[in-house]
Amino acid sequence: MNISEHRETILNDIEVKYDAIGQKTDTHLEGLLYAKPITYWDYIQTDALLSLQTQRTTLPDEMVFIMYHQVNELIFKMILWEMQQICYCENIQTKFFAERLSRVTRYFDMLTTSFSIMEEGMEVEQYMKFRNTLTPASGFQSAQYRLIEFTSTDLINLVDNRFRAKIDRNTPYENAFEHLYWQAAGKDYSTGKKSYLLEEFEKKYKGSFLRHMEEYNTINIYQKFKQLPIDDQKNPELVAAMRHFDHTVNITWVMQHLNVAIKYIDHSGKGDGEATGGSDWKKYMHPKYQRRIFFPDLWSEEELANWGL
Ligand code: HEM
C-alpha cells in the first residue's frame, strides 16, 4: 500500500496519542468507519437550545423578555470563559491580557447597546401584565452576573460602600458575603432580616459563591493586573482595556438597566411602582450609590468622586 508522507505522519501522531493512554489505535480507526458524520444541528444542539423558551402567560412580548434574558446568560457564560483564561494564565503577557479583556468588554458593550430591546422592544401594557406572573423572581438572581463580579475584583471593592472603611480586607469570606453591596437590595441591616428574593437566591447559590470567592481571591482580574511588573501595569492599551471594562460594566450597563426600570416601573403610570424582586430599587440601582468600582487605582481622585454622576 502506498501511503502519502502526510498521511503517515498523521497516523504516527495518532498512534502516539493512543499509546499514551493505553488504547489500541486500530480499534479507534475502525470506530471511525461507523461514526455518524456531524451535522450543524447536532453540533450546536439547536433543538435543545430552542426548546428552552417556555412562556408563563399568553402575552407574545413575554417571549422577547425570556429570550433576551437567555441571550444575556449565554453571553455571561462567554464572558466568564474569557475571564477564566486570563485568571488561570501563568506568566501572563500584557498583549494577551489586553486582547482577552477587550473580548470581554466587547460582550458587555453588546449587552449595553442591545438593552434597547428591553426598552423599545416590548409593549409597556404587555410587560406590566406578564411581570405579575414572574413575581417575586428578578434578574437580581442571575448567579453568573455575581460570578463575573467575583472574578473581576477583590471582595473589598464589592462590599457595600457604607461598610468598606470598617471591614478588614482579610475578613472571612462569610463576613464579606454578608456585607456585599447587593445585600442592600433585600436585607434590613438593622434587624438582619432578608427578603424572600435574597433568601431564595442564597439558598441556591451561597455555597458555590463562597467557593468562587475563595478560588478567585488571588487570581481575579484586578489581582492579575497588580501582579504584573510595574512597567506592564502602565501599558496604555492594557490600562485602557481595564478602564473600559470597569466603566461599561459598572456605569454604562447599569445606567441602561436603570433607565429601563424607570421606564416600565416608574414612568409607565401602570402598576404600583414596585420591582418584581421587591427592592427599594431606585435607591439601590444607581451607580452613584452602589459605587461598585472594580479597579479603583486606575481612576483619578476626580473620576472616583464623580462616579456615576
Ligand atoms: C424590562 C426589563 C427589566 C427591568 C424592568 C428590570 C428591573 C430590575 C430591578 C427593579 C432590579 C432590582 C432588584 C429587584 O428586582 O427588586 C433589577 C436587578 C437586576 N437585573 Fe434587571 N430588569 C430588567 C431586565 C434585565 C435583564 C435583561 C437582565 C440581564 C440578565 C437583568 C439583570 C439584572 C441584574 C443582574 C440585577 C441585579 C443588579 C444589581 O445588583 O445591581 N435585568 N432589575
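On a predicted model such as this, the values are computed, not experimentally measured, just so you know.

Novice: Lay out the environment of T58 with the relevant residues and their values.
Specialist: Following the sequence through the fold, T58 ends up in the loop between helix 4 (46–49) and helix 5 (61–87). For the pair T58 and F130, spaced 72 residues apart in sequence, the C-alpha to C-alpha distance is 8.5 Å.

Novice: Explain the packing of aromatic side chains to me, using residue names and the numbers behind them.
Specialist: Evaluation of the coordinates by the stated rule reveals 27 aromatic pairs. Judged by centre distance (5.6 Å) and plane angle (90°), the ring pair of F177 and W182 falls under edge-to-face. Taking 5.5 Å as the distance between ring centres and 70° as the angle between the ring planes, the aromatic pair formed by F201 and F209 counts as edge-to-face. The aromatic ring of F140 is capped on one face by R146, whose charged end is 4.8 Å from the ring centroid. Between the NZ or CZ atom of K263 and the centre of the ring of Y264, over which it lies, the distance is 5.5 Å.

Novice: Would you mind going over the coordination of the iron atom of the ligand in detail, with residue names and values included?
Specialist: What the protein offers the iron atom of the ligand as a donor is a single atom, H257 (NE2), at 2.2 Å. Relative to the helices and strands, H257 resides in helix 14 (residues 236–266).

Novice: If you had to explain the state of the cysteines to someone new, which residues and values would you point to?
Specialist: Counting across every chain of the model gives zero disulfides. As a non-bridged cysteine, C89 has C87 as the owner of its nearest cysteine sulfur, 10 Å distant.

Novice: Can you explain helix 1 (residues 5–20)? Please cite residues and give values.
Specialist: Each turn of an α-helix holds 3.6 residues, which means side chains three or four residues apart point in the same direction. In this model helix 1 runs 23 Å from its N-terminal to its C-terminal C-alpha over 16 residues, within 8% of the 22 Å that 1.5 Å per residue would give. Of the residues flanking the end of helix 1, it is G22, one or two places downstream, whose phi is positive at about 65°.

Novice: Describe the site of the ligand, listing the residues and the values that go with them.
Specialist: S138, R146, H257, S279 and Y284 are the nearest of the 30 residues found near the ligand. One of the side-chain nitrogen or oxygen atoms of H257 is found 2.9 Å away from a nitrogen atom of the ligand. The contact in question runs from an oxygen atom of the ligand to an N or O atom on the side chain of Q290, over 3.0 Å. For the shell around the ligand, the element with the most residues is helix 14, which contributes six residues. For the shell around the ligand, the residue count by class is 19 nonpolar, nine polar and two charged.

Novice: Help me get a handle on unusual backbone geometry, residues and values and all.
Specialist: Here the bond from T135 into P136 is cis, since omega is 5°, no more than 30 degrees from zero. Structurally, the position occupied by P136 is in the loop between helix 8 (124–134) and helix 9 (143–152). Its identity as a non-glycine residue notwithstanding, Q45 has a phi of 55°, on the positive side. As for its placement among the helices and strands, Q45 is situated in the loop between helix 3 (40–44) and helix 4. Even without being glycine, R291 reaches a positive phi, approximately 45°. When you line up the elements, R291 lands in the loop between helix 16 (287–290) and helix 17 (301–305).

So, how was this worked out
All residue numbers here refer to positions counted from 1 along the written sequence of the relevant chain. Two thresholds apply to this predicted model, a pLDDT of at least 70 for residue-level local features and 80 or more for giving and counting side-chain atom pairs, whereas whole-chain, interface and lining totals are computed over all residues. To get the side-chain values, all heavy atoms of the structure are used, and hydrogens and water are removed first. Under the DSSP-based scheme used, a helix requires at least four consecutive residues in state H or I and a strand at least two consecutive residues in state E, with every element numbered from the N terminus. In summary, the pairing rule links any two rings of Phe, Tyr or Trp, Trp by its six-membered ring, whose centres are within 6.5 Å, and it sorts them by plane angle into stacked for under 30 degrees, edge-to-face for over 60 and tilted for everything else. Criterion for a charge above a ring: Lys NZ or Arg CZ within 6 Å of the ring centre, and within 35 degrees of the ring normal. Nitrogen, oxygen and sulfur within 2.8 Å of a metal are treated as its donors, or within 3.2 Å for sodium, potassium and calcium (Na, K, Ca); water is not counted, so a site can appear incomplete. The criterion for a disulfide is a pair of cysteine sulfur atoms lying within 2.5 Å. Here a helix's expected span is defined as the number of its residues, less one, multiplied by 1.5 Å. Nearness is defined per residue: one heavy atom within 4 Å of the molecule or strand is enough. We define a polar contact as two N or O atoms separated by no more than 3.5 Å, with the added condition that, inside protein, one atom must be a possible hydrogen donor and the other a possible acceptor, whereas residues neighbouring each other in sequence contribute only through side-chain atom pairs. Lys, Arg, Asp and Glu make up the charged group, whereas Ala, Val, Leu, Ile, Met, Phe, Trp, Tyr, Cys and Pro make up the nonpolar group; the residues left over, Gly among them, are polar.

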